Amino acid sequence: MLLTHRSVIASHKKMSFWERLYLPAILGGLRITLKHFFLKKVTIRYPEVKRLFAPVYRGLHVLKRDDNGAERCTACGLCAVACPAEAITMDAAERKPGEEGLYREEKYAAKYEINMLRCIFCGLCEEACPKEAIFLTDRLVPAQYNRPDFIFGKDKLVEPPDARVDISDRQNLGETRC
Ligand code: SF4
Ligand code: SF4
């Protein structure tokens, strides 16, 4: 049964004198190469030049802090339950007295990990979160050489207090969709 109509029946006819010279074929190839010198380039000089992403692009996650700098996540596990790829794992812990500035809720995620090799960037974790703690951003997941390096823990997911990740555009998008 034919799966496509692209198959070609091989021909065993003898090559002509010109075909045996290969020069016409080489010149034909050079003509195609030369033509591409004058066409609009489809490549860009990444990473110096970056293409604009669609506003709905879903990239690397961020675990947000509140206005006072405390982690918003309360380790409820709803994001992990919603994740179709089972990419999220976490360990919950009780907040101790004096840690109110670190964690907004009485329970917090002592460990929070996302396996970026499993993640399909569907955004369901973001939708499921009742605390507006996790968002997908327009940042790329950096390339790694080893599989364990794709397990992103809190050190890579929680936004640094002095370098907050702006997700206001994504929140506005959500409001527009509603
Ligand atoms: S984006 Fe989707 S696949 Fe990735 S961690 Fe969130 S819910 Fe799971
Ligand atoms: S990120 Fe949100 S849904 Fe996931 S455990 Fe934290 S508070 Fe719950």
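In this report, we go over the structure that sits alongside the text. (Residues numbered from 1 in each chain as written. Chains lettered and ligands numbered in written order. Predicted model: local features only at pLDDT ≥ 70, side-chain atom pairs only at ≥ 80, totals over all residues.)

Side note on the overall build of the protein
Tallying secondary structure elements over the protein gives six helices and five strands in all. Each helix and strand of the protein, ordered N terminal to C terminal, gives the series α-α-β-α-β-β-α-β-β-α-α. For 178 residues, the compact-globule estimate of 2.2 N^0.38 gives 16 Å, and the C-alpha radius of gyration of the protein, at 26 Å, exceeds that figure by more than 25%. In terms of principal-axis extent, the alpha carbons of the protein reach across some 90 × 40 × 35 Å. Burial statistics for the protein: of 178 residues in total, 17% are counted as buried. Intrachain contacts of the protein at a sequence separation of at least 6 include 75% that bridge at least 24 residues. (Helix = DSSP H or I, 4+ residues; strand = E, 2+ residues; numbered from the N terminus. Rg over C-alpha atoms; globule rule 2.2 N^0.38 Å. Buried ≥ 20, exposed ≤ 12 C-beta atoms within 10 Å, placed from the backbone. Contact = placed C-beta atoms within 7 Å.)

A short note on the environment of Phe150
The topology assignment puts Phe150 in the loop between β4 (134-136) and β5 (151-152). Judged by the 16 C-beta atoms lying within 10 Å of it, Phe150 falls in the partly exposed class. In sequence terms Phe150 and Gly29 are 121 residues apart; their C-alpha atoms lie 42 Å from each other. In this structure Phe150 touches Asn115, Met116, Leu117 and Gln144, once residues within four positions along its chain are discounted.

Here's the deal with the site of ligand 2
Around ligand 2 sit 14 residues in total, of which Cys73, Cys76, Cys79, Cys129 and Ile134 are the nearest. Looking at side-chain class alone, the shell around ligand 2 contains 11 nonpolar, two polar and one charged residues. (Near = placed C-beta within 6 Å. Nonpolar A, V, L, I, M, F, W, Y, C, P; charged D, E, K, R; others polar.)

Observations concerning helix α2 (residues 23-37)
Here α2 spans 21 Å end to end across 15 residues, near enough to the 21 Å set by a 1.5 Å rise per residue. Judged by how many residues are buried, α2 sits mostly at the surface: zero of 15 residues are covered. (Expected span 1.5 Å × (residues − 1).)

Description of the nonpolar core
Counting residues in hydrophobic clusters, the biggest one holds 22 residues, and the most contacted among them are Leu63, Cys73, Cys79, Ile88, Cys125 and Ile134. Secondary-structure elements contributing two or more residues to this core are β1 (61-63), β3 (107-115) and β4. When residues in this core are grouped by element, the largest group, four residues, is from β3. When residues no more than four places from it in sequence are discounted, the contact partners of Leu63 are Glu71, Cys73, Tyr112, Ala133, Ile134, Lys154, Leu157, Val158 and Glu159. (Core = buried A, V, L, I, M, F, W, Y, C linked by C-beta atoms within 7 Å.)

Observations regarding the site of ligand 1
The full set close to ligand 1 counts 13 residues, and Cys83, Cys119, Cys122, Leu124 and Cys125 are the nearest of them. Here the residues of the shell around ligand 1 sort into 12 nonpolar, one polar and no charged.

Notes on the sheet that holds β3
One open sheet accounts for three strands, arranged β2-β3-β5; its pairing is antiparallel. On the outer flanks of this sheet lie β2 (88-94) and β5, each paired with one strand and no other. Direction of pairing for β3 relative to β5: antiparallel, over a ladder of two bridges. In the strand pairing of β5, Asn115 is matched with Ile151. (Pairing = 2+ DSSP bridges.)

Focus on the pairing of β3
Here seven bridges tie β2 to β3, and the two strands are oriented antiparallel to one another. Bridging across to β3, Glu94 finds its partner in Lys107.

Points about unusual backbone geometry
For the bond from Tyr46 to Pro47, the omega torsion is 10 degrees, close enough to zero to count as cis. By the secondary structure assignment, Pro47 is in the loop between α2 and β1. At Tyr22, a position not held by glycine, the phi torsion is positive, near 65 degrees. Judged by the 10 C-beta atoms lying within 10 Å of it, Tyr22 is exposed. Non-glycine residue Phe121 carries a positive phi angle of around 55 degrees.

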